[in-house]
Amino acid sequence: MAKKSVKVTALSSPVHVRAALESLQLKLNGELAAANTVKRKETVFTNALRFAIECELLPTLPTTKVDWEAPEADDEVDFRFVAGPRLSRRITTATGDQGDRGRHLLAFFGCLYYAAARPAEITALTRADCNLPETGWGELLLSKSAPRIGSAWTNTGESFDSRGLKRRAHNATHSVPIPPALVRMLLDHIAEFGVAEDGRLFRAARGGHLLSKEYGEIWKAARLAVLSRPRPLRHSRPNRTHCATRASPSG
């Protein structure tokens, strides 16, 4: 590491900065990385440089001396590969057809489709976050995300971190109207499986936090049973704006 590295102070030179920026565009095997990957690594690199300035190891941000820009990231969804409502409902239902190992996650996948939520958001979802009337539309109040990042990287020593919603203020909440179909799925889930001691709706088959490995395996099995090719579920759902304009949670 010492032989291959340069001192932080050497980054005052545009030559070293350009070499670092250009290396961000490559994978370990030398191939070009995806634009989103380059953009993410550039952000990390810039933050490290800002910390070096704070520590008085660098006088100014050296990247301003180099004429370099990260490639434009394309966040558009290719709808040629997005399942329609009928197919999305089929694969969501298929997750509950995987025997004892999948039935407890049927409503989990329902939340990804009908509420357009991220897995880490639904992993943290509690009963108190849900307005589930017996009839009509309901509401989810998303306020937390619980991604699994490893115990070495959390302040608590747990493998799961408690965070705010992605790209929102730390204490922000987001109200999501949910259609009667998802309301019924959640009510049936609670009636059959109950909730965890801390109120979480979804747990692993043997208890404890729900791992991405577990719901990933269920999704793979359901996908192979229904689809001829992999398709994203979260982009297939009726979007939040569309749901909100059709009906409100109270009516």
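The structure displayed is predicted, hence computed values, not measured ones.

Undergrad: Is there a simple way to explain helix α3 (residues 85-95) in this structure?
TA: In an α-helix, one full turn covers 3.6 residues, which means residues spaced three or four apart are oriented alike. All of the buried residues along α3 are S88, I91, T92, A94 and T95. Along the axis of α3, the buried positions cluster into a sector of 160°, meaning they face one direction only. Those residues of α3 that are buried are in contact with α4 (106-114), α6 (180-193) and α7 (212-226).

Undergrad: I keep staring at the packing of aromatic side chains and nothing clicks. Help me out?
TA: The description of an aromatic ring pair rests on the distance of the ring centres and on the angle between the ring planes. This structure, assessed with the given rule, holds 5 aromatic pairs. Ring centres of F108 and F202 lie 5.7 Å apart, and the angle between their planes is 80°; on these two criteria the pair is classed as edge-to-face. One end of the pair, F108, is in helix α4; the other, F202, is in the loop between α6 and α7, and 94 residues separate them in sequence. The residues F108 and F202 share a single accessibility class, namely buried. Note on F109 and W219: the rings are 5.8 Å apart at their centroids and 25° apart in plane angle, and the pair reads as stacked. Placement of F109 in helix α4 and of W219 in helix α7 is noted, with a sequence separation of 110 residues between them. Its relative accessible area of 3% is what places F109 among the buried residues.

Undergrad: Help me understand the pattern of salt bridges in this model?
TA: Close approach of charged atoms allows side chains of opposite charge to pair. Tallied over the entire structure, the rule returns 8 salt bridges. Between E31 and K27 there is a salt bridge, with its nearest N and O atoms 3.8 Å apart. The partly exposed category is assigned to E31, whose relative accessible area is 46%. The partner of K213 in a salt bridge is E217, and the shortest N-O contact between them spans 2.7 Å. Taken together, the positions of K213 and E217, both in helix α7 and 4 residues apart, correspond to about one turn of that helix. Under the relative-accessibility criterion, K213 is labelled exposed at 58%. Given the relative accessible area of 37%, E217 is considered partly exposed.

Undergrad: Hey, could you run me through the packing of α4 against α6 in this one?
TA: If you want to describe how two helices pack, look at the angle between their axes and the distance between the axes. Where α4 meets α6, the axes come as close as 9 Å, and the angle between the chain directions of the two elements is 155°. It follows from the interaxial angle that α4 and α6 lie roughly antiparallel. Pair α4 / α6 crosses with left-handed handedness. Each of L106, A107, G110, C111 and Y114 in α4 lies in contact with α6, whose residues at this interface are A181, L182, M185, L186 and H189. Of the residues that constitute the contact of α4 with α6, the class distribution is 8 nonpolar, 2 polar and no charged.

What counts as what
Residues numbered from 1 in each chain as written. Predicted model: local features only at pLDDT ≥ 70, side-chain atom pairs only at ≥ 80, totals over all residues. Heavy atoms only, no water. Buried < 20%, exposed > 50% of the residue type's maximum accessible area, 1.4 Å probe, protein only. Helix = DSSP H or I, 4+ residues; strand = E, 2+ residues; numbered from the N terminus. Arc of directions from axis to C-beta. Contact = heavy atoms within 4.5 Å. Phe/Tyr/Trp six-rings, centres within 6.5 Å; stacked < 30°, edge-to-face > 60°. Salt bridge = Lys/Arg side-chain N within 4 Å of Asp/Glu carboxyl O. Axes fitted to C-alpha atoms, helices over the stretch in contact; angles between N-to-C directions. Parallel < 35°, antiparallel > 145°, perpendicular 65-115°, else oblique. Left-handed = near helix turned anticlockwise from the far one by under 90°. Nonpolar A, V, L, I, M, F, W, Y, C, P; charged D, E, K, R; others polar.

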